[in-house]
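Chain and residue survey
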Amino acid sequence: MSGQSKTHAPWTVAAVALIAGAMAGFGAQAQTSHHTVTSAQRATAQQVAARGVPVSELAPNAPDTYVVKRGDTLWAISGLYLNRPWRWPELWGMNMQAIHNPHLIYPGQTLYLEKTGGYARLSTRAGAAGDTETVRITPRTRMDSVSGSALPTLQQHLIEPFLVEPEIVDEQTLEQAPRIVASSQTRSILGSGDRVYARSATGSQLSMDPGDTRDFRLFRNAVPLKDPDTGRILGYEAQYVGRAEMVRGESEEVSSNGRGGTTADPVPATLDIMSVKEEVRIGDRLLPMAQRSFMNFVPRAPFDDVDARVVSIYGSVTVDNAGQNQVVSINRGAVDGLEPGMILTVLTRGDRIRDRTDSRRSMIKLPSEANGMAMVFRTFDHVSYVLLLQMRYAVGVGDRLVSPQ
């Protein structure tokens, strides 16, 4: 129906946001919080929803009007207007119920900064804070238009590869996972396009029956992640090496044993390697593809105070430091109330130095300073992965991440 439409479709921003949320899995159901919201937090949210943010929170050069461009993100626009961009829901006047389904904005829209009584809010209509602007969209099909033109919160390509790669497992998970036992090639190092054979380690055969998994991630070596503070093992990080697709399940081949009887030989499953991050080897393990999430992350401050430490630099066993747009794991997870989208401040480790102005040359500890910001994008029980958004200096194991102030 909409593919045949040639007319302009007048939709309000709120209506477009509702449709986009239903189609893209974006909204309250996609990112429902399991963390208890206190009555005080709810009251504060309702209060800021009505008035916006203090003018003192605005960035020094916050523009009175801004025309949204292609390539913009909600996070970038928030940084344009706010000293602390994670407070953008307040700038839009959003309450707790709406925070998971923010106003979507589109290239070509004009944003207006309204200041009243010492508070500021953004509106899409001049002189009428809180009203919405009618947006005219000319799509080939409505689905393509709505999902493709709305501004993302962040540049998704920074996080997309990590939504299926990192995996925290317990000690036995990889041991019990199906393993690659052979290949159709004579070489031991395999790559994309090669065919491999795998067997189950539990006796439950890999099958092509309806509903059974056919897409697998390939892993090697479950490395223990230890809490830098306590030394406790938080989980085991499996090393992602690639992805494979099963084309034939496990079976048995019955043949004569030459003595009047038969022998049943196991026949491993057949898989084709679809992509690799590094070479695939005999003995690598198979885990089902993770459920891919298409959520549009909603950056926000944590509900409670967070004090976490960097556990590891993801994807490297030789590099000790990470920089902007890299991923690190931290020693706090879902049981600690962390959720995808939460923003944390990364602190420097204040150096211990010798006070050369003191005749005793005593040792002193310099204070920690804000080094940048990071966003939680994937959580496990006791470990989370965070994307380093804005960094001044390199980040290392043991560095602290705390709630933004």
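About the thresholds
- Residues numbered from 1 in each chain as written.
- Predicted model: local features only at pLDDT ≥ 70, side-chain atom pairs only at ≥ 80, totals over all residues.
- Heavy atoms only, no water.
- Pairing = 2+ DSSP bridges.
- Helix = DSSP H or I, 4+ residues; strand = E, 2+ residues; numbered from the N terminus.
- Contact = heavy atoms within 4.5 Å.
- Axes fitted to C-alpha atoms, helices over the stretch in contact; angles between N-to-C directions.
- Core = buried A, V, L, I, M, F, W, Y, C linked by side-chain atoms within 4.5 Å.
- Buried < 20%, exposed > 50% of the residue type's maximum accessible area, 1.4 Å probe, protein only.
- Polar contact = N/O pair within 3.5 Å; in protein donor to acceptor, adjacent residues only side chain to side chain.
- Salt bridge = Lys/Arg side-chain N within 4 Å of Asp/Glu carboxyl O.
- Patch = residues over 30% accessible without salt bridge, like charges linked within 9 Å, V, L, I, M, F, W, Y side chains within 5 Å.
- Areas by Shrake-Rupley, 256 points an atom, 1.4 Å probe, with all protein chains shown as cover.
- Lys, Arg positive; Asp, Glu negative; His and termini not counted.
- Charge placed at Lys NZ, Arg CZ, Asp CG, Glu CD.
- Arc of directions from axis to C-beta.
- pLDDT = per-residue confidence, 0-100.
- Phe/Tyr/Trp six-rings, centres within 6.5 Å; stacked < 30°, edge-to-face > 60°.

1. Observations regarding the sheet that holds strand 4 (residues 110-116)
Taken in spatial order, the four strands make up an open sheet running 2-5-4-3, and their pairing is antiparallel. Each having just a single partner strand, strand 2 (53-54) and strand 3 (65-67) make up the two edges of the open sheet. Of the pairings in the sheet, the one linking strand 3 to strand 4 comprises three bridges and is antiparallel in character. Paired with Val67 across the two strands is Thr110, which belongs to strand 4. Contacts from helix 3 (residues 74-81) reach strand 3, strand 4 and strand 5 (119-123) within the one sheet, and its direction differs from that of strand 3 by about 155°.

2. Side note on the nonpolar core
Among the nonpolar cores identified, the biggest contains 28 residues, and Val327, Ile343, Phe377 and Tyr385 are the most heavily contacted of them. Elements with a contribution of two residues or more to this core: strand 7 (168-169), strand 11 (215-226), strand 12 (233-248), strand 24 (370-379) and strand 25 (384-391). The dominant element in this core, judged by the number of residues it contributes, is strand 12, at four residues. Not counting chain neighbours up to four residues away, the residues in contact with Val327 comprise Phe162, Ile313, Tyr314, Phe377, Tyr385, Val386 and Leu387.

3. Here we look at the side chain of Thr348
Following the sequence through the fold, Thr348 ends up in the loop between strand 21 (343-347) and strand 22 (352-354). With residues up to four places along the chain from it excluded, the contact list for Thr348 reads Ser368, Glu369, Asn371 and Tyr393.

4. Considerations on unusual backbone geometry
Not every positive phi belongs to a glycine, and Asn221 is a case in point at roughly 60°. As for its position among the elements, Asn221 is in strand 11. Judged by relative accessible area, which is 46%, Asn221 ranks as partly exposed.

5. Quick notes on the side chain of Arg87
Turning to its location among the elements, Arg87 is positioned in the loop between helix 3 and helix 4 (88-91). At a separation of 3.1 Å, a polar atom in the side chain of Arg87 contacts the side chain of Glu57. In this structure Arg87 touches Val53, Pro54, Glu57 and Leu82, once residues within four positions along its chain are discounted.

6. Focus: the pattern of salt bridges
According to the stated counting rule, one finds 14 salt bridges in the structure shown. We note a salt bridge from Arg378 to Glu167, for which the minimum N-O separation is 3.4 Å. Here Glu167 lies in the loop between helix 5 (142-149) and strand 7 and Arg378 lies in strand 24, a separation of 211 residues in the sequence. With relative accessibility at 14%, the residue Glu167 sits in the buried group. By sharing partners, the salt bridges in this structure join Glu57, Arg84 and Arg87 into a single network.

7. Section: a positive patch on the surface
Judged by side-chain charge, Arg352, Arg354, Arg356, Arg361 and Lys365 come together as a positively charged surface patch. Tracing the sequence through the fold places Arg352 in strand 22. Overall, the relative accessible area of 59% leaves Arg352 in the exposed class.

8. Notes on helix 3
Within the sequence span of helix 3, burial applies to Leu74, Trp75, Ile77, Ser78 and Tyr81. The buried residues of helix 3 occupy an angular sector of 165° when projected down its axis, which confines them to one face.

9. A short note on the pairing of strand 10 (residues 195-199)
Here strand 10 shows a buried face lined by Val196 and Ala198 and an unburied face lined by Arg195, Tyr197 and Arg199. Bridge count for strand 8 (residues 179-183) against strand 10 is four bridges, and the pairing is antiparallel. When the sheet's bridge partners are listed, Arg179 is paired in strand 10 with Arg199. The pairing of strand 10 with strand 15 (residues 269-276) spans four bridges and is antiparallel. When the sheet's bridge partners are listed, Arg195 is paired in strand 15 with Asp272.

10. What about the confidence of the model for the protein chain?
The share of residues in the protein chain with pLDDT of 70 or more is 74%, and the mean pLDDT across the chain is 78. In the predicted structure, residues 1-37 sits below a pLDDT of 50 and forms 72 contacts with residues beyond four places in sequence or in another chain. When the criterion is pLDDT under 50, residues 129-148 qualifies, and its contacts beyond four places in sequence or with other chains add up to 48 contacts.

11. A word on the packing of aromatic side chains
The tally for this structure, following the rule as stated, stands at three aromatic pairs. Consider the rings of Tyr314 and Tyr385, whose centres lie 5.7 Å apart with planes at 85°: the pair is edge-to-face. Taken together, the residues span a long stretch of sequence, with Tyr314 in the loop between strand 18 (307-313) and strand 19 (321-322) and Tyr385 in strand 25 at a distance of 71 residues. You can call Tyr314 buried: its relative accessible area is 10%. For Tyr385, a relative accessible area of 0% gives the class buried. Summarising the aromatic geometry, the rings of Phe380 and Tyr385 are spaced 6.2 Å apart at their centres and angled 80° between planes, so their arrangement reads as edge-to-face. Residue Phe380 is classed as buried on the basis of its relative accessible area of 16%.

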